[in-house]
Amino acid sequence: MIDKNSPIPIYHQLEEYIKAQIDSGELQPDETIPSERVYADMFQISRMTIRQALTNLVNDGYLYRQKGRGTFVNKKKVEQRLQGLTSFTEDMRERGFNPGSKLISFEIIPAGREIADRLKLNENTPVYEIKRVRLADNVPMALETTYLPANLVKGLTEDIINQSLYQYIEEKLNLVIHEATQEIEASNAKDHELRLLEIEKGSPILLILRTSTLKDGTPFEFVKSAYRADRYKFVHTMHRS
């Protein structure tokens, strides 16, 4: 399992060994992995080498640490393909998760410059501001702030936004959702994101800005999202022209 005569570094071999155990189900999500001493005795390798392998697996999202408790197997990341415009609820259901939301705030506010520019409105035009923690099987996945023109997307209530916003827009308002432009960048989580997403200080997040339009080109939604980088990944297939 560990070939000390191989040109492949020992720490990398150990990483692959542990990843194979995770992929096969031998190590289950939230299960404690063996201690450094156990691995050292098992493979007759140094604890420094083991520590490097475990640190790399933590950084890659395969494992997570809890101070004073140990190192555990992380849950697999949710994969979202960057093609097709779907809601969070639709994405989670498609992947077999039970979607949910924890509403932080829901109000009508005057649009500031950034929101007005994104939605092609005059400043101070009334917009809905919806702040939610998005859940998959009750695990926090993203902190999401959504802005919608109050004069376009009419009649919103807490009950509606706790279900499927896109379903309401299409089936009740008879508006045709067409496309979206999305920007993605990496960042470190801020204090309120750490608390709401239940992640540790220094944890990476994926910041996503999305502007969605109707079939006639009218912007109806601007969303700012902070996704947990340890639970989510984006995949895009590219074709050579």
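The structure this text deals with has already been given above.
Residues numbered from 1 in each chain as written. Predicted model: local features only at pLDDT ≥ 70, side-chain atom pairs only at ≥ 80, totals over all residues. Heavy atoms only, no water.

Focus: the packing of aromatic side chains
Applying the stated criterion across every chain yields a total of six aromatic pairs. Aromatic pair Y17 and F43: ring centres 5.2 Å apart, planes at 85°, arrangement edge-to-face. With Y17 in helix α1 (residues 10-24) and F43 in helix α2 (residues 36-43), the pair connects residues that are 26 residues apart, well separated along the chain. Judged on exposure class, the residue Y17 and its partner F43 are both buried. In textbook terms, an aromatic cluster arises when at least three aromatic residues are bridged by ring pairs, as seen for Y17, Y39 and F43. (Phe/Tyr/Trp six-rings, centres within 6.5 Å; stacked < 30°, edge-to-face > 60°. Helix = DSSP H or I, 4+ residues; strand = E, 2+ residues; numbered from the N terminus. Buried < 20%, exposed > 50% of the residue type's maximum accessible area, 1.4 Å probe, protein only.)

So, the layout of surface pockets
The calculated volume of the largest pocket comes to roughly 690 Å³. Taken together, 26 residues make up the lining of the largest pocket; nearest its centre are Y64, N74, S203, R228 and D230. Broken down by element, the residue count for the lining of the largest pocket peaks at four residues, all from strand β1 (residues 63-66). Tallied by class, residues from the lining of the largest pocket come to eight nonpolar, seven polar and eleven charged. Both of domain 1 (10-73) and domain 2 (80-235) provide at least three residues apiece to the lining of the largest pocket. Taken as a whole, the second largest pocket encloses approximately 340 Å³ of empty space. If you go around the second largest pocket, you meet 19 residues; those closest to its centre are T145, H192, E193, K224 and S225. When residues in the lining of the second largest pocket are grouped by element, the largest group, four residues, is from helix α8 (residues 191-197). (1 Å grid on protein atoms, 1.4 Å probe; cavity = no way out; pocket = protein on both sides within 12 Å on 5 of 7 lines; lining within 4 Å. Points joined across faces, edges and corners; volume = space filled by probe spheres on them. Nonpolar A, V, L, I, M, F, W, Y, C, P; charged D, E, K, R; others polar. Domains from an automatic or database assignment.)

Some thoughts on the pattern of salt bridges
For the structure on display, the rule yields nine salt bridges. Taking the shortest distance from any N to any O, the salt bridge between E123 and R113 comes out at 3.7 Å. Within this pair, whereas E123 is found in the loop between α5 (113-119) and β5 (126-136), its partner R113 is found in helix α5, the two being separated by ten residues in sequence. Since its relative accessible area comes to 60%, R113 is described here as exposed. Notably, a salt bridge pairs R210 with E221, separated by 3.7 Å at the nearest N-O pair. Of this pair, R210 sits in strand β8 (residues 204-214) while E221 sits in strand β9 (residues 219-228), and the two are eleven residues apart along the sequence. Of the residues examined, E221 reaches a relative accessible area of 3% and is grouped as buried. Within the structure, one salt-bridge network assembled from shared partners comprises E36, R47 and R51. (Salt bridge = Lys/Arg side-chain N within 4 Å of Asp/Glu carboxyl O.)

With respect to helix α7 (residues 165-172)
Those residues of α7 that fall on the buried side of the exposure criterion are L165, Y166, Y168 and I169. Looking straight down α7, one finds its buried side chains confined to an arc of 165°; they lie on one side. Opposite its buried face, α7 presents the exposed residues E171 and K172, each directed more than 90 degrees away. The positive-phi residue at the C-terminal boundary of α7 is N174, with phi of around 60°. (Arc of directions from axis to C-beta.)

Digging into the packing of α1 against α2
Viewed as axis vectors pointing N to C, α1 and α2 meet at an angle of 110°, and their least axial separation amounts to 13 Å. One element, α1, and the other, α2, form an angle in the roughly perpendicular class. Across the interface between the two elements, L14, Y17, I18 and Q21 of α1 pack against Y39, M42 and F43 of α2. Residues belonging to the contact of α1 with α2 are distributed by class as follows: six nonpolar, one polar and no charged. (Axes fitted to C-alpha atoms, helices over the stretch in contact; angles between N-to-C directions. Parallel < 35°, antiparallel > 145°, perpendicular 65-115°, else oblique. Contact = heavy atoms within 4.5 Å.)

By themselves, these are just geometric observations and shouldn't be taken as functional.
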